[in-house]
Amino acid sequence: ANTLVIFTPYVMGRDTSIWGPDASEFKPERWIDASGSIIKVSPFKHLAFKAGPRLCLGLNMAALEAVSMLANIYSRFTPRLVPGHVV
């Protein structure tokens, strides 16, 4: 009784016990194996769209929109690295 439980996806996405000591770093290779295939991780590890029976109904639509936007951007622009900028 009188217990407050707080769920913070932002903090969970940066939790070193879940993602390792480099959790705060942007590392796309976390989700790509040596052969270039996407690594499937549990949806319970990163809860932006929730998981299990209460999965976000907009998950597939959001993924489609993201791919559409990237295709649109890449069709109009040529991305280049900034000389001297550390990536």
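Residues numbered from 1 in each chain as written. Predicted model: local features only at pLDDT ≥ 70, side-chain atom pairs only at ≥ 80, totals over all residues. Heavy atoms only, no water.

## Quick look at the overall build of the protein chain
- In terms of regular secondary structure, the protein chain is built from 3 helices and 0 strands.
- Listed by position from the N terminus, the elements making up the protein chain come as α-α-α.
- Taken against the 2.2 N^0.38 rule, which gives 12 Å for 87 residues, the C-alpha radius of gyration of the protein chain at 17 Å runs more than 25% over that of a compact globule.
- In terms of overall dimensions, the protein chain has C-alpha extents of about 55 × 30 × 25 Å along its principal axes. (Helix = DSSP H or I, 4+ residues; strand = E, 2+ residues; numbered from the N terminus. Rg over C-alpha atoms; globule rule 2.2 N^0.38 Å.)

## So, the pattern of salt bridges
- Taken as a whole and assessed by the stated rule, the structure comprises 2 salt bridges.
- Among the salt bridges present, the one from lysine 27 reaches aspartate 22, with a minimum N-O distance of 2.8 Å.
- Between arginine 30 and aspartate 22 there is a salt bridge whose closest N-O contact spans 3.1 Å.
- Members of the salt-bridge network, linked through shared partners, are Asp22, Lys27 and Arg30. (Salt bridge = Lys/Arg side-chain N within 4 Å of Asp/Glu carboxyl O.)

## Some words on the side chain of arginine 30
- For arginine 30, the position within the fold is in the loop between α2 (16–19) and α3 (59–76).
- Of note is the side chain of arginine 30, whose polar atom sits 3.3 Å from the backbone oxygen of tryptophan 19.
- Those residues within four positions of arginine 30 in sequence are excluded, and the remaining contacts are Trp19, Asp22, Ala23, Glu25 and Ile39. (Polar contact = N/O pair within 3.5 Å; in protein donor to acceptor, adjacent residues only side chain to side chain. Contact = heavy atoms within 4.5 Å.)

## What about the environment of proline 53?
- Summarising the element assignment, proline 53 is placed in the loop between α2 and α3.
- For the pair proline 53 and histidine 85, spaced 32 residues apart in sequence, the C-alpha separation works out to 44 Å.

## Brief notes about the environment of alanine 23
- If you trace the backbone, alanine 23 turns up in the loop between α2 and α3.
- Every residue in contact with alanine 23, bar those within four places of it in the chain, is listed here: Gly13, Arg14, Asp15, Thr16 and Arg30.

## Observations regarding the packing of aromatic side chains
- Scanning the model with the defined rule gives 1 aromatic pair in all.
- When the ring centre of tyrosine 10 is taken as origin, the NZ or CZ atom of arginine 14, which lies over that ring, is 3.8 Å away. (Phe/Tyr/Trp six-rings, centres within 6.5 Å; stacked < 30°, edge-to-face > 60°. Lys NZ or Arg CZ within 6 Å of the ring centre and 35° of its normal.)

## Observations regarding a nonpolar patch on the surface
- Nonpolar side chains collect at one region of the surface, where Trp31, Ile32, Ile38, Ile39 and Val41 lie side by side and expose about 410 Å² of accessible area between them.
- With respect to the element layout, valine 41 can be found in the loop between α2 and α3. (Patch = residues over 30% accessible without salt bridge, like charges linked within 9 Å, V, L, I, M, F, W, Y side chains within 5 Å. Areas by Shrake-Rupley, 256 points an atom, 1.4 Å probe, with all protein chains shown as cover.)

## Comments concerning the confidence of the model for the protein chain
- Mean pLDDT for the protein chain: 87, with 100% of residues reaching 70 or above.
- Here helix α1 (residues 9–12) is the element of the protein chain with the lowest mean pLDDT, 83, and α3 is the one with the highest, 92. (pLDDT = per-residue confidence, 0-100.)

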